[in-house]
Amino acid sequence: MNPQNHHPLRVLLRYSVWPLSIWTLLVIVSLALSLDKLQHSTEQAAEAQGREVFELVEAMRIWNAEHGGVFVLQSERDPPNPYLALDQRSAVTLSGQRLTRLNPAYMTRQLSGVIEREAGVRLRLTSLKPLNPDNAPDAWQRQALQDFDAGTTKSDFTIGSEGGVAYGRYIAPLPVTAACMACHAVQGYKVGDVRGGLAVEWSVQPLLDAMQHTRKHLLWEHGGAWLLVSLLLMLGIRYLIGNIEIIRRSRQELLRTNLALEKTITRRTAELRGSLQTLRSIGDLSPGVLYQFRLRPDGTTSIPYASENFYDMFGLHPDAVREDAAPVFECVHPDDVSALRTSTGASASDLSRWQHEFRIVLPDGEIRWVKGDTQPVREADGSILWHGFLSDITAAKAKDAALEQSREAYRLLFTHILHGVVFQDTQGRIIDANPMAEKMLGLSVQQMQGRTSVDPRWRAVHEDGSEFAGDTHPAMQALRTGQSVRDVVMGIYNPIEDAVRWFSVTAVPQFHPGGNRPFEVFSTFTDITERRRAEQVLRQHKVIIDTTQEGFWMTDVSGYILEVNQAYAAMTGYRIEELQGKHVSELEAIDRPEDIRARIERIMHHGHDMFETHHYHRDGHLIDMEVSVTFMHETQQFCVFCRDISRRKRLEAAMRDMAYYDVLTGLPNRRMLGERLKQVMAATQRSAQQAALMFLDLDNFKPLNDSHGHEVGDLLLKEVASRLLSAVREIDTVARFGGDEFVVMLAALESDKARSMEDVLRVAEKLRQAVSAPYHLSYVDTQGAPHEVIHRCSASVGVVVFSGHEYTEQELLGQADQAMYRAKQQGRDRIVLSGGERRNDR
């Protein structure tokens, strides 16, 4: 037995005090260092997270700034940026879609919403001189920005608490670059200045929880180590050097265990973060929707996971269907719900692959086709979980429908085309024909099948009456040469009519891909019997046309003049020889050749048209023409009669001016004002812009009339009209309402009513000053003596600002008129706004 076991307890304690004290101190120091290192590592990791988010967002902002911002479709989610200048915030595509510019700040705000929603990270732009008041810094951000300006720090980080949850706060400065000056030059910044900062806030509670867990682990480790080593020390004192090695190895093992545990935690955290990021990247970058669908034993459904594209397809955020998939089924077209549920049930019963196509109805009413492809698995609780993919197949469905429509169109074309079509094989035997060919040739398809072009029963003849040999038939020539044979005129006996009908025949050989010999030929027959008769009739009527007083010309289907009479040549100043061969577009004053082509196609479709147009005279002036056009299907030609209606047009224009314009001033009258007011009201209804109506009545006008007569008063009214016109834009309207009353209408103002009112009152003041300037009126009396009158008058102005159809036309005029009368009552020479008053400073 070891004699030390017999040492008294007092001796053992005396020798144990210092070793235990030193060991306790070491444990405390080790624990403090480990806790400090853990705290420091946690803060560094948290700060690194904030720095990475900041650097990523700043890189995107720099890219945006260098490209002058990016344009996206305007929507409720992406409205125009009110802090950009009007000419910089919006644009419109050629198809009429309205775009809004996302500058770096706007883009960051939009990203912040997405990042906060998806990752729980909040971003906030802030500045000591913010353009947007909402970007004003809080106390911590302000101190950081001041430190950035002073150059004492390059970033700042802190950890705070909100609602019992720890949040990391990181902020770094945003230096002014050349690309930033477009928006921030007005604030006095120069390149290199710190214009503000980007603050990142995110939950660090998971890190702190992990740190707390590790702290507890360290406490337990150190406490256990202390207790164990203390016992070992006690034993070591009793058993001396023999147990010291055991104590050392125990400590090393504890350290290795701690390191291995830390490495395992780090590796598992990185693997989990990488897996989540990979899954999100695959789902977000795929053209369709990556998703999971769960059918629970109680029949309820959910979508535990869906990629970001789920919102673009269904208009629903994935969070909205994470626990209940009912909103998705509400999007399914009512006619497809039953089949969708049936196919899902079949897949669930035998765990077979689910593939199904169905329609969805978006909130705006648009119908889209969706294809699902998933594989089910049964879970431990009896639920069925499908993993798969949803893709938008609307375009493919449209293509399939278009292909089927094209096939149907081809069948209808072959069946209903107005030309006869006959197909023949390589031996010239007829294999098929359309109904029009049966009618033209007087034979059924069954009677024609097997018959060749050399069959004498055709009784074909040339135009001179000679026999048309079968081996010279266009189809036989096309088969021999492999070349198309076009527009061959031949007469063929029709046994039903017991007469020869005349046809223009075209034969086109058909080849297999890569083949050099035709495998069949199709011939088209155009019946020109009536055209031949019409040509004879035209020759009979040519004498009449050449002697008529109306202009006449004939063109082919392309619009080139074939014949023209002397009457038209006289109207336009050309010789007949110069007109022949000209295209209609060289004579008719139409800006675009495609408009002429469209008119030609319309006339060919309807057979006749009558319209008014303008033709060019040889000297360049325009002639008003009334034109009557007839298309002759048999000859594929246009017969055109025209007459000069210039005198009638001048009379009509004069009458129209009398109806819509004031004779004295040339301004629009009440009638024209009413029509333009309707147009402006409709335009503001569509665009949400403001417009204004001003009622002006001249002050001190009657004394001029009484003293010098109406002739001088008319001179003043003309001068007032000229001054009003020169003070407004071309899109605005100045009208004489009657007597010495004028109305000015301003269109296409700002959408903001307050700003529009400021613009309107500024224009009204400009008009009042223009009217108030002295008038120098010169006239000659009845005896021929010249006179000059200097007169001063002013204007009382009533103003009403409106948008859309909030008032009727008469109500608008009435409000402006009442405002004008209030201006009269308040002393004249002033402006009164309907519902308010503005007096001139004089």
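For the structure, check the block above.
The rules behind the values
- Residues numbered from 1 in each chain as written.
- Predicted model: local features only at pLDDT ≥ 70, side-chain atom pairs only at ≥ 80, totals over all residues.
- Heavy atoms only, no water.
- Helix = DSSP H or I, 4+ residues; strand = E, 2+ residues; numbered from the N terminus.
- Buried < 20%, exposed > 50% of the residue type's maximum accessible area, 1.4 Å probe, protein only.
- Contact = heavy atoms within 4.5 Å.
- Pairing = 2+ DSSP bridges.
- Phe/Tyr/Trp six-rings, centres within 6.5 Å; stacked < 30°, edge-to-face > 60°.
- Lys NZ or Arg CZ within 6 Å of the ring centre and 35° of its normal.
- Core = buried A, V, L, I, M, F, W, Y, C linked by side-chain atoms within 4.5 Å.
- Axes fitted to C-alpha atoms, helices over the stretch in contact; angles between N-to-C directions.
- Parallel < 35°, antiparallel > 145°, perpendicular 65-115°, else oblique.
- Left-handed = near helix turned anticlockwise from the far one by under 90°.
- Nonpolar A, V, L, I, M, F, W, Y, C, P; charged D, E, K, R; others polar.
- Salt bridge = Lys/Arg side-chain N within 4 Å of Asp/Glu carboxyl O.

**Q** Go over the overall build of the protein with me, naming the residues and quoting the values.
**A** Looking only at helices and strands, the protein has 25 helices and 29 strands in total. Here the protein holds 842 residues, and 40% of them are scored as buried. When contacts within the protein are restricted to residue pairs at least 6 apart in sequence, those whose partners lie at least 24 apart make up 53%.

**Q** Give me the sheet that holds strand β9 (residues 301-302): which residues, what numbers.
**A** Pairing in this open sheet of five strands is antiparallel, and the strands run β9-β8-β12-β11-β10 from one edge to the other. A single partner strand is all that each edge strand has here, and the edge strands are β9 and β10 (354-361). Strand direction decides the pairing type here: β10 and strand β11 (residues 367-378), joined by eight bridges, are antiparallel. The residue of β11 that forms the bridge with Ile-360 is Arg-368.

**Q** Please set out the side chain of Thr-301 residue by residue, giving values where relevant.
**A** Within the secondary structure, Thr-301 is located in strand β9. Taking relative accessible area as the criterion, Thr-301 reaches 12% and is therefore assigned buried. Ignoring sequence-local partners within four residues, the contact set of Thr-301 consists of Phe-293, Arg-294, Leu-295, Arg-296, Glu-323, Asp-324, Ala-325, Ala-326 and Phe-329.

**Q** Run through the packing of aromatic side chains, naming residues and quoting values.
**A** Enumeration according to the criterion identifies eleven aromatic pairs in this entry. Arranged with centres 4.9 Å apart and planes meeting at 40°, the rings of Phe-631 and Phe-638 form a pair that is tilted. Accessibility expressed as a relative area gives 5% for Phe-631, which makes it buried. Residue class for Phe-638 comes out buried when judged on its relative accessible area of 3%. Put simply, the rings of Phe-293, Phe-329 and Trp-386 pair up and form one aromatic cluster. Over the ring of Phe-329 we find Arg-341, and its NZ or CZ is 4.5 Å from the ring centre.

**Q** Can you lay out the pairing of strand β12 (residues 384-392) for me, pointing to particular residues and giving the numbers?
**A** Here seven bridges tie strand β8 (residues 289-295) to β12, and the two strands are oriented antiparallel to one another. Along β12, the bridge assignment pairs Arg-294 with Leu-385. For β11 and β12, the ladder comprises nine bridges, and the chain directions are antiparallel. Each residue of the ladder has a partner; that of Gly-372, found in β12, is Leu-390. Joining the antiparallel neighbours β11 and β12 is a turn of five residues, in which Gly-382 adopts a positive phi near 95°.

**Q** Provide a residue-level description of the nonpolar core, including the pertinent values.
**A** Judged by nonpolar contacts, the single largest core of 36 residues is most densely connected at Met-694, Leu-696, Leu-716 and Phe-742. Sorting elements by how many residues they give to this core places helix α23 (residues 710-726) first, with six residues. Core analysis: the second largest hydrophobic core is formed by 25 residues, Tyr-291, Leu-340, Phe-358 and Ile-360 among them.

**Q** Residues and numbers for the sheet that holds strand β6 (residues 165-175), please.
**A** Within a beta sheet, neighbouring strands are joined by backbone hydrogen bonds and run either parallel or antiparallel to one another. One open sheet accounts for four strands, arranged β4-β7-β6-β5; its pairing is antiparallel. With one partner strand each, in any of the chains shown, β4 (121-126) and β5 (156-162) form the two edges of the open sheet. Sheet twist, expressed as the mean angle between neighbouring strand axes with direction ignored, is 25°. Pairing of β6 with strand β7 (residues 194-203), which is carried by nine bridges, proceeds in the antiparallel orientation. Note on β7: the bridge partner recorded for Arg-169 is Glu-201. This element, helix α3 (residues 104-119), spans β4 and β7 of the sheet and lies at about 160° to β4. Together, β4, β5, β6 and β7 form the strand contacts of helix α4 (residues 139-150), whose direction differs from that of β6 by roughly 30°.

**Q** Report on the packing of α23 against helix α24 (residues 753-772), specifying residues and quantitative values.
**A** Following both chains from N to C, one finds α23 and α24 inclined at 150°, their axes separated by 9 Å at the closest point. Taken together, the axes of α23 and α24 are roughly antiparallel relative to one another. As for the relative orientation of α23 and α24, their crossing is right-handed in sense. Side by side, α23 and α24 meet where Val-720, Arg-723 and Leu-724 of the first sit next to Leu-767, Ala-770 and Val-771 of the second. Across the contact of α23 with α24, the residue classes tally to five nonpolar, no polar and one charged.

**Q** Can you lay out unusual backbone geometry for me, pointing to particular residues and giving the numbers?
**A** Of note, Asp-487 is a non-glycine position whose phi angle comes to about 50°, a positive value. Mapped onto the secondary structure, Asp-487 falls in strand β15 (residues 485-494). Non-glycine residue Ala-748 carries a positive phi angle of around 55°. Summarising the element assignment, Ala-748 is placed in the loop between β25 (741-746) and α24. Residue Ala-748 is classed as partly exposed on the basis of its relative accessible area of 37%.

**Q** For the pattern of salt bridges, give the residues involved together with the corresponding values.
**A** All chains considered together, the criterion is met by 36 salt bridges. Between Lys-582 and Glu-586 there is a salt bridge; the shortest N-O distance is 3.6 Å. Where Glu-719 meets Arg-723, a salt bridge forms, and the shortest distance between an N and an O atom there is 3.1 Å. In this pair, Glu-719 and Arg-723 are both assigned in helix α23, four residues apart and thus about one turn of the helix distant. By relative accessible area, Glu-719 is classed as partly exposed at 32%. Bridged by salt links that share partners, the residues Glu-612, Glu-626, Arg-643, Arg-648 and Lys-649 form one connected network.

**Q** For helix α14 (residues 474-481), give the residues involved together with the corresponding values.
**A** Looking at α14, one finds that the buried residues are Pro-474, Ala-475, Met-476, Ala-478 and Leu-479. Against the buried residues of α14 lie β13 (420-425), β15, β16 (499-510) and β17 (520-527). Phi turns positive, to about 75°, at Gly-482, one or two residues after α14.

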